[in-house]
Amino acid sequence: MFSYYLRLAWISIVRHWGLSLLMVCAIGLGIGAAMTTVTVNYLMSANPIPEKSEQLYYVQLDSWDVNDPFDDGLNPPDQLTFTDSSNLMRAQKAFRQNVQAQAFGVIEPEDPEMLPLIVNGRANSADFFTMFNVPFIYGSGWSNQSDESKEFVVVLSKETNDKLFGGEDSVGKSIKLEGNMFRVVGVVDTWQPKPRFYDITTGAFNESEDIFVPFHLIADEKISRSGNTNCWKPTGDGFKAFLASECIWTQFWVELKTEQEKEDYLQFLNAYVEEQKQFGRFQRPVDNRLSNVMEWLEVQEVVADDAQMMMAMSFMFLIVCLLNTVGLLLAKFLGKAPEIGLRQALGASKATLFSQYIIESACIGILGGILGLLLAYLGLKGVEGLYGDYMQGLASLDTNMAILAVGLALISTILAGLYPTWRACNIQPAQQLKSQ
Amino acid sequence: MLETGLILRALARNKIGALLIALQIALTMTIMVNAIFMIQDRQQQMQRDSGLDEANTFYLTNTVFGQDYNIQAHLQTDLHMIRNTPGVIDAIQINAVPLSSSGWSMALQHEPGEDKDAVGSAIYMVDEHAINSMGLELIAGINFTQEDIELRKDGQSTWPAKTIITKAFAENLYPDDWQSAVGKTVYISQTQPMQIIGIVKALQAPWNGWNGVERSMLVPFHRESKGSYYFIRTEEGRRDALMPIIEKALAESDKERIIRRVTTVEDTRKRSYRQHNATNKTLTTVVITLTLITGFGIVGLAIFSINRRTKQIGTRRALGATKRQIMSYFMMENFIISAIGNVIGCIGAVGLNMWLVSTFNLSPISFELITFGVVALFIVGQLAVLYPARKAAMIAPATATRTI
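Draft legend 1. Representation of the overall build of chain A in the model. When helices and strands are tallied, chain A shows 15 helices and 12 strands. On the principal axes, the C-alpha backbone points of chain A span a range of 100 × 55 × 35 Å. Buried residues in chain A amount to 44% of all 436 residues. Considering only contacts in chain A between residues 6 or more positions apart, those separated by 24 or more positions represent 77%.

Right, dumping it as structure tokens:
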């Protein structure tokens, strides 16, 4: 029976091809627009480290101006002062902890023919690599001992290793960075978390770094820092004074395995701030926060307003397309009143009529869904082209999304078809037959 | 107006069909008006004057890596070389570039002290060639002189005694009379006095999303820093030819530094507003397809309703209705449906706008825009129904007699 209805539906679709095309196009466009924006939002709000996003916490302390709160008092500052992050690092109260900042430097290759290389770097502590599950091709991160004995070690990205060593295992070799010799301890495999959750202060979708070096090198002025710096209090002259200042430019992550550990750490932070208050610092009310990865991305509004707005708009667009379909299906089914009357008179039950017309709606829905998928693909290509780097890698369709697209089209078209079908089933056969 | 009553009674018999079109029009209106509003908002932002001579300027980064490098001496020779290149109008060293999204900001206050109100501003560290190099317009006061320029070491916390600010910044500091700002003393870094010696018409901060983007100040500093920008202005039409020449000359003059990112200000603007541009294009596509879908939906439904009423139309024609009357019947019917849709649409548009205002900090929609939306949708509706209505008018009166 099913295949018979399918054939009937096909005949009906082809007979009114103009109308069918209009409906398929409308559904296709609606689904295409909705899927494009849903995909962008879905990828923007993706969990970049699902295996341990609940155990990694970003630390915020309110060290800001007592007269003029940071972010209008809504959130504590988004970074820490060097003083605080160094103190927290020294305390070693968490299972793992990492202090970091952005850095940059110039590598002078041994080969005099090669041009010097400017690299974007991250200055971080040893725990960075284990905390964030950084994948390695060669070697590994450096150890806590290396941090303590202030060794000159470096971890290269795959790309940097390709440039400097032609992709060979470079562990143990040396590079000249900012005039100093650094020993390579590891090479990171291709690693680009989206969003780049571990540092979103200069953009949530920035590329990952070319090199990683120990954080202490910044304080020793062996490498230059970059990234955002925010100050509320004047600093003295020179770099030492800057390090001791209330300027915020470091980020601090901790790994805590249980809820209890989190409670304990928060208590430790509160005690730390109380202690610092005695030195005249932290004059604002205590507002220390620990946010896990997803909470942190949420607080920092990683999903762009534009993307959310577009998604809202595109769903309204889909509704317009569906209203359109309801209207057209209604017109189409009611146009078949004489035929329906005749079939009812010949013994067709309401149930059979109902399933026949629902199948016809579903066929249109599937066609619309396929068209929508195609349009979503084109739409994402367009979004990628228009937005450039910002959306790079954020615009791709996976199987989940493809299934969602066709499913959404199917369900919404069946819903759209319900009312017209119900009307069609309730046609009075006698009246129709009389007028023929 | 006998027709109107007739149409309303006919519509009442097919409420759902009419309501569907009305709802569709309402939603289209809601989306269209808000999308156009968002497009206009972005366009206004993009049209703000950066203050620069954008067509004839470019910049590059100069990163020093050599040890024991005499930055100050090299700065002088570099600037001398660039300024004397034929075709170059002027050049400066600068710490940040407008629209580039990275830079420095500091706050200025009227009185010295820790708990005084302060206004944030972008900082551009430049010398007396800045106004000429950037193509700024000095509208009050005077420029720096060579004696004003101080050398700034990295990490230095003291500031020079003079500054030039933008008109927008002057208006913010002295709301009653911005011109009175010239000669006034303001305080930077809470306690250090600075005298405003000049005002430029416009110069944007590096961050286009900042609400203080029009507030900038020029500070007479040469920086002794390992990384800086050179900002260069050329004669009309010679920029593209000079870019590689200057890059090569700088790179070859000295091997202990890297010259990178030779970029025009025009490209920087494009990059800076890329997201705005992209969003606008997407929204425009949405508005156009939406209108088309609604239009075609009206066409489809009108054709069907006319097909269903062929006999009635024939009868009316046989009873003496002119073609014109038949056409105007359907046009009027569409007009009434559009009116209902537009009323709901206005409410929807304002509602969506209120949500956008509260969620995304947009400003409220203008009345003109809603009027535009209403008119536009009436026109779309009438155009869409034109073809089916003509078809209806062509129905021969004989159809009435033929099938009965």
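Draft legend 2. Focus on the overall build of chain B. On a plain count of helices and strands, chain B comes out with 12 helices and 12 strands. Its C-alpha atoms give chain B principal-axis dimensions of about 105 × 50 × 35 Å. Out of the 404 residues belonging to chain B, those deemed buried represent 40%. Across chain B, the fraction of contacts at a sequence separation of at least 24, relative to all contacts at a separation of at least 6, is 81%.

Draft legend 3. Fine view of the packing of helix α8 (residues 274-308) of chain B against helix α11 (residues 367-393) of chain B. Residue and element names in this part refer to chain B. It is at 9 Å that the axes of α8 and α11 come closest, and there the two elements cross at 25°. Between α8 and α11, the interaxial angle falls into the category roughly parallel. Here α8 runs over α11; the crossing is right-handed. For the pair α8 and α11, contact is made by Thr291, Thr294, Gly295, Ile298, Val299, Ala302, Ile303 and Ile306 and by Val380, Gly381, Ala384, Val385, Tyr387, Pro388, Lys391 and Ala392, respectively. Residues of the contact of α8 with α11, tallied by class, amount to 11 nonpolar, 4 polar and 1 charged.

Draft legend 4. Molecular detail of helix α6 (residues 158-165) of chain A. All names here are of chain A. Of all the positions in α6, only Thr160, Asn161 and Leu164 are classed as buried. Down the axis of α6, the buried side of the element spans an arc of 100°, and every buried residue falls inside it. Trailing α6 by a residue or two, Gly166 shows a phi angle of about 60°, which is positive.

Draft legend 5. Structural detail: the interface of chain A and chain B. At the interface, 42 residues of chain A touch 44 residues of chain B. Only α2 (17-44), β3 (96-108), α8 (238-243), α11 (305-335) and α13 (350-387) of chain A provide two or more residues apiece to the side of chain A that touches chain B. Ranked by residues supplied to the side of chain A that touches chain B, first place goes to α11 of chain A with 18 residues. Split into classes, the residues belonging to the side of chain A that touches chain B amount to 27 nonpolar, 10 polar and 5 charged.

Draft legend 6. How the structure looks around the nonpolar core. With 96 residues, the main nonpolar core has Phe317 and Cys321 of chain A as its most contacted residues. Mapped by element, the contributors of at least two residues to this core are α2, α11, α13 and α14 (399-425) of chain A together with α2 (15-46), α8, α10 (323-360) and α11 of chain B. A total of 18 residues in this core trace back to one element, the largest contributor, which is α11 of chain A. In this structure, Phe317 of chain A is in contact with Gly30 and Ala33 of chain A together with Ile31, Val286 and Leu290 of chain B, ignoring residues within four places of it in sequence.

Draft legend 7. Just the environment of Ile223 of chain A, in detail. Residues and elements named next belong to chain A. Relative to the elements of secondary structure, Ile223 occurs in the loop between α7 (216-219) and β10 (224-226). Classification of Ile223 by C-beta neighbours within 10 Å gives buried; the count is 25. Linking Ile223 and Asp65, residues 158 residues apart in sequence, is a C-alpha distance of 29 Å. Those residues in contact with Ile223 that lie beyond four places of it in its chain are Ala103, Gly105, Gly121, Ala123, Glu178, Val213, Leu217 and Ile218.

Draft legend 8. Inspection of the domain arrangement of chain A at higher detail. Taken domain by domain, chain A comprises domain 1 (2-45 + 304-435) and domain 2 (56-299). Of note, the centres of domain 1 of chain A and domain 2 of chain A, computed from C-alpha atoms alone, are 51 Å apart.

Draft legend 9. Broad picture of the packing of α2 of chain B against α10 of chain B. Residue and element names in this part refer to chain B. The contact between α2 and α10 brings their axes to 7 Å, and the two run at 40°. Two packed elements cross with a definite hand, and for α2 against α10 that hand is right-handed. Here Ala18, Ile21, Ala22, Leu23, Ile25, Ala26, Leu27, Met29, Thr30, Val33 and Asn34 of α2 come into contact with α10, specifically with Ile337, Ser338, Ile340, Gly341, Asn342, Ile344, Gly345, Gly348, Ala349, Leu352, Asn353 and Leu356. Here the residues of the contact of α2 with α10 sort into 15 nonpolar, 8 polar and no charged.

Draft legend 10. Molecular detail of the domain arrangement of chain B. When the domains of chain B are assigned, the result is domain 1 (2-47 + 274-403) and domain 2 (66-255). Spacing between the C-alpha centres of domain 1 of chain B and domain 2 of chain B amounts to 55 Å.

Draft legend 11. Expanded view of the sheet that holds strand β12 (residues 257-264) of chain B. Residue and element names in this part refer to chain B. Strands sit in the order β2-β11-β1-β12 across an open sheet of 4 strands; the sheet is antiparallel. At either end of the open sheet lies a strand with only one pairing partner, and these are β2 (88-94) and β12. Within the sheet, the average angular offset between the axes of one strand and its neighbour, ignoring direction, is 20°. Two strands pair when backbone bridges link them, and strand β1 (residues 57-64) and β12 are joined in this way by 6 bridges, in the antiparallel orientation. When the bridges of β12 are listed, Thr63 appears paired with Ile258. Lying on the sheet, helix α3 (residues 71-83) is in contact with β1, β2 and β11 (227-234); it crosses β2 at an angle near 160°.

Draft legend 12. Fine view of unusual backbone geometry. In this structure, the amide linkage connecting Lys194 of chain A to the following residue, Pro195 of chain A, adopts the cis form with an omega of -10°. In this structure, Pro195 of chain A sits in the loop between β8 (180-188) and β9 (211-214). The residue Leu99 of chain B is not glycine, and still its phi comes out positive at about 75°. By the secondary structure assignment, Leu99 of chain B is in the loop between β2 and β3 (104-109). Leu99 of chain B sits in the buried class, given 23 other C-beta atoms within 10 Å. For Ser101 of chain B, which is not glycine, the phi torsion reads 75° and is therefore positive. For Ser101 of chain B, the location among the structural elements is in the loop between β2 and β3. Exposure remark for Ser101 of chain B: the 18 C-beta atoms within 10 Å place this residue in the partly exposed category.

Draft legend 13. The arrangement of the environment of Leu8 of chain A in detail. As for its placement among the helices and strands, Leu8 of chain A is situated in helix α1 (residues 2-15). In this structure the C-alpha to C-alpha distance between Leu8 of chain A and Ile359 of chain A, which are 351 residues apart in sequence, comes to 9.4 Å.

Draft legend 14. Quick look at α11 of chain A. For α11 of chain A, built from 31 residues, the straight-helix expectation of 45 Å at 1.5 Å per residue is met to within 8% by its first-to-last C-alpha distance of 45 Å. In terms of burial, α11 of chain A is largely enclosed, as 24 of its 31 residues are buried.

Draft legend 15. Structural detail: the environment of Lys262 of chain A. All names here are of chain A. Residue position: Lys262 is located in helix α9 (residues 259-277). In this structure Lys262 comes out as partly exposed when scored by C-beta crowding, with 18 C-beta atoms within 10 Å. As a C-alpha pair, Lys262 and Lys336 span 74 residues in sequence and 67 Å in three-dimensional space. Those residues in contact with Lys262 that sit more than four places away from it in its chain are Tyr57, Leu256 and Leu290.

Draft legend 16. Quick peek at the pairing of strand β11 (residues 248-255) of chain A. Residue and element names in this part refer to chain A. Burial within β11 is extensive, with 7 of its 8 residues counted as buried. With 3 bridges connecting them, strand β1 (residues 56-60) and β11 associate as antiparallel partners. Across the sheet, Leu56 pairs through a bridge with Glu255, a residue of β11. Pairing of strand β2 (residues 80-81) with β11 involves 2 bridges; the strand directions are antiparallel. Residue Thr81 lies in a different strand from β11, and its bridge partner there is Ile248.

Draft legend 17. Seen up close, the confidence of the model for chain B. Summary statistics for chain B give a mean pLDDT of 90 and a share of 98% for residues scoring 70 or more. Across the assembled chains, the prediction reports ipTM 0.80 with pTM 0.80.

Parameters and conventions
- As a convention, each chain's residues are numbered from 1 in the sequence order in which they are written.
- By the order in which they are written, chains take letters starting at A while ligands take numbers starting at 1.
- Since the coordinates come from a predicted model, pLDDT governs what is reported: local features require at least 70, and pairs of side-chain atoms require 80 or more to be given and counted, while whole-chain, interface and lining totals use all residues.
- The numbering of helices and of strands both runs from the N terminus, where a helix is a DSSP run of H or I of at least 4 residues and a strand a run of E of at least 2.
- In this scheme the burial state of a residue depends on its C-beta neighbours within 10 Å: 20 or more other such atoms mean buried, 12 or fewer mean exposed, and anything in between means partly exposed; the C-beta positions come from the backbone.
- C-beta atoms are placed from the backbone for every residue, and two residues are taken to be in contact when these atoms lie within 7 Å.
- Angles run from 0 to 180 degrees between N-to-C directions of axes, and those axes are lines fitted to C-alpha atoms, restricted for helices to the stretch in contact.
- Here roughly perpendicular refers to angles of 65 to 115 degrees, roughly parallel to angles under 35, roughly antiparallel to angles over 145, and oblique to all remaining angles.
- What makes a crossing left-handed is the near helix being turned counterclockwise from the far one by less than a right angle; a clockwise turn instead makes it right-handed.
- Three residue categories are used. Nonpolar comprises Ala, Val, Leu, Ile, Met, Phe, Trp, Tyr, Cys and Pro, charged comprises Asp, Glu, Lys and Arg, and polar comprises the others, including Gly.
- The directions considered for the arc are those from the helix axis to the C-beta atoms.
- By our criterion, buried Ala, Val, Leu, Ile, Met, Phe, Trp, Tyr and Cys residues that link up through C-beta atoms within 7 Å make up a nonpolar core.
- Here the bounds of each domain stem from an automatic or database domain assignment.
- What makes two strands pair is DSSP finding at least two bridges between them.
- To estimate the expected span of a helix, subtract one from its residue number and multiply by 1.5 Å.
- Note on scores: pLDDT gives the predictor's confidence for each residue, bounded by 0 and 100.

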